[in-house]
Amino acid sequence: MLSLGLVFVCAVSFLLGRYFAPPASVAEEISRLALGDAAGDPKLATALFNIRFPRIVVVTLVGMALSVAGASYQGMFKNPLVSPDLLGASAGASFGACLALLLNLGNEFIQIFAFVAGLAAVGLVMLLNRVVRGDALLGLILGGILVGTLFTSGTSIIKLVADADDKLPAITFWLMGSFAGVTLNDVLPLFVPMAIGFVLVLTQRWNLNAMSFGEDEARALGVNTKAVRALVILGATLLTASSIAVAGVIGWIGLVVPHLTRALVGPNYRILLPTTMLTGAIFLLIVDNFARLLYSVEIPIGLLTSILGVPFFIFIYRKNLRGWS
Amino acid sequence: MNNPNGAARIHGEVLPNPEAAATNHEAAASGCRRVAAPPLLSVNNLRTGYHRTEVVKGISFTAERGDFVCVIGANGCGKTTALKGMLGILPLFGGSVDVGGREFLSAGGHTATAKEFARTFAYIPQIHGLPFPFLVSDVVLLGRTPHLRSSVSSPSDADKAAAYMALKTLGIESIAGSEYTALSGGQQQLVLIARALAQEPRILIMDEPTASLDFGNQQLVLDRMLDLGREGMAVIMVTHDPAHVLHCANKVIVMDGGSVLREGTPEETITAEILERIYGARAAVTTARLDDGSEVRTVVPLSRRHTGAPPS
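Residues numbered from 1 in each chain as written. Chains lettered and ligands numbered in written order. Predicted model: local features only at pLDDT ≥ 70, side-chain atom pairs only at ≥ 80, totals over all residues.

Q: Help me understand the overall build of chain A in this model?
A: Helices and strands together make up the secondary structure of chain A, namely 14 helices and zero strands. Rg of the C-alpha trace for chain A: 20 Å, near the compact-globule value of 20 Å for 325 residues, within the 12% margin. Dimensions of chain A along its principal axes, counting C-alpha atoms only, are 65 × 50 × 40 Å. When the 325 residues of chain A are sorted by exposure, 48% land in the buried category. Contacts in chain A between residues at least 24 apart in sequence constitute 74% of all its contacts with a sequence separation of at least 6. (Helix = DSSP H or I, 4+ residues; strand = E, 2+ residues; numbered from the N terminus. Rg over C-alpha atoms; globule rule 2.2 N^0.38 Å. Buried ≥ 20, exposed ≤ 12 C-beta atoms within 10 Å, placed from the backbone. Contact = placed C-beta atoms within 7 Å.)

Written out as structure tokens, the structure is:
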């Protein structure tokens, strides 16, 4: 049912836009494209296939990625308040993107810098965790806080030295998150790390159930906890870093959508992870439509996810479906 | 205690478990004729601890099918550490753990895979909080993890049937659809035992399973564990209650300061002298005569009132 919901929301998002067109002419343009005919209305065709289509694809992927990453971390760290940026992925990616903006590099470099710096931040956390012995989970969380702080300071330094007229607004805007500049060229490079990330995390979904009971118990149940942890962290980091690289920092999705989904289908990761992909995509598509249409200037989606997320979250918990105990 | 039926039931459980004794006897007898079969579980001079601090300084014991081994000792004597060492959760500094004559664990690390381990040993932890409201059926199904085809597989219908059987064995199949987090402590502990049964292990290991349970639930859990011992599993239970040892065990390991102080039958090990030595507490180990004429051994804690010692 949720898959149908996703298809419906995609279709509606396709129809909505600043360049309004009735569904009939949209359908006509699609059939013309499918048949290889020239576009009936070139402006509409551009809006549909070069602007709306890639944007919808990217929003869907990012919504899926962030909610899957968040859900898997919540189970692995046995903590419902954990989000995908726990291990410093977003702090690192933000720093990378800001650095690229400061150096006046092109759009593709912003994405590459963000992606690499996000991976580097999490890598640093893993390295710290190897050096400091003790409780592995606690070490990771502390490492995430340390590295996150380090990269956030780096971002602040960049903001400090950035040109206040030109680069600082660009940096600030990027940090708030947006899908505004997404083009067809962004879609393909996103697919590879995302596909690897989804496969890594989704194949561990049964083991994530065991991990929710804690390290010792999972091991006593025959789970190779070290391997599961490494695979899930790698997968979630690929998902988070590539999301941030293309869309900037979008908070809230990775924290709230998994809870929403848990309220709908329960905590079993076998069902939770696939479902949270759908709910994450639907939620982000809806919010992105608001971001595009609510105001004559596009609103950064990072702001909207939280503004719309809070009442939505309260509504769901008021309904008191199956949530936390 | 005034209820004769209740008394008879208690009496029945205090006696050493007859099937288990028979099994051991047969094993011993056949051992005389042929080569002695290696014990089901053999813990050999196990040394383990945290980081570089050795907490358990060499303990050894064996357990056969049907044995109910209780490990007793004061807080901090290394009981739980020893269990975690046996389960491979903590690294061994020395010694080994053998199952049926095959080495499973040594100071070099695991010599059996995590799956083999979990199909042989099931660990029943103390009840604990869980961050998410898993269904009882899902919790028990997790016990099937070591039987899954690969590390990326999910349980099959056969696994679901096995999990249901485990719930049924404990008589709690009616709560399969409940949320684990909404259950009472006693029920949660039974669910964790069911999860262990779903692993189809040969050895059950428990760490103070009755610690946070009320009187009735303690008895319920211990009775179920005794049943499982009779069905041919070896049960190893860490406890700090000498009364539970007298209630369940046929073999006792008394730990003190990280090593074995005494090993033997409950009668040999649960004595006033040993209890005073490990706990620094005065107690009388005595025999209570029940209304039906049968006798049970029990432990009575003594306060200053009884002993007439001056206040310290």
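Q: How should I be thinking about the sheet that holds strand β9 (residues 234-239) of chain B in this particular structure?
A: Strands in a sheet are paired, the pairing made by backbone hydrogen bonds, and the direction either parallel or antiparallel. All names here are of chain B. Strands sit in the order β7-β8-β9-β3-β10-β11 across an open sheet of six strands; the sheet is mixed. Only two strands of the sheet have a single partner each, and these edge strands are β7 (121-124) and β11 (259-264). The mean inter-strand angle of the sheet, taken between neighbouring strand axes irrespective of direction, is 20 degrees. Looking at chain direction, strand β3 (residues 68-72) and β9 are connected through five bridges and run parallel. Following the sheet pairing, V69 is matched in β9 by I236. (Pairing = 2+ DSSP bridges. Axes fitted to C-alpha atoms, helices over the stretch in contact; angles between N-to-C directions.)

Q: Please clarify how the packing of helix α1 (residues 2-15) of chain A against helix α3 (residues 42-76) of chain A should be interpreted in this entry.
A: The description of two packed helices rests on the angle between their axes and on the distance between the axes. Residue and element names in this part refer to chain A. Running from amino to carboxyl end, α1 crosses α3 at an angle of 145 degrees, the nearest separation of the two axes being 10 Å. Regarding α1 and α3, the two cross each other, and that crossing is right-handed. Contacts from C10, S13 and F14 of α1 reach α3 at L48, R52, I56 and T60. In terms of residue class, the contact of α1 with α3 is built from four nonpolar, two polar and one charged. (Left-handed = near helix turned anticlockwise from the far one by under 90°. Nonpolar A, V, L, I, M, F, W, Y, C, P; charged D, E, K, R; others polar.)

Q: Please clarify how the sheet that holds strand β2 (residues 53-63) of chain B should be interpreted in this entry.
A: Residues and elements named next belong to chain B. The sheet built from five strands is open, its strands ordered β2-β1-β4-β5-β6 with antiparallel pairing. Unpaired on one side and paired on the other, β2 and β6 (109-110) mark the two borders of the sheet. Across the sheet, helix α3 (residues 79-86) touches β1 (41-50), β2 and β4 (92-99), and the angle it forms with β1 is around 115 degrees.

Q: I tried to follow the pairing of β11(B) on my own but got confused; where do I start?
A: Side-chain direction in a regular strand flips from residue to residue, so the side chains alternate between the two faces of the sheet. Residues and elements named next belong to chain B. In terms of strand pairing, strand β10 (residues 251-256) meets β11 through five bridges, oriented antiparallel. Bridge pairing links V252 to G264 in β11. In textbook terms, the turn of a hairpin is the stretch between consecutive antiparallel strands, and for β10 and β11 this stretch comprises two residues, one of which, G257, has a positive phi near 60 degrees.

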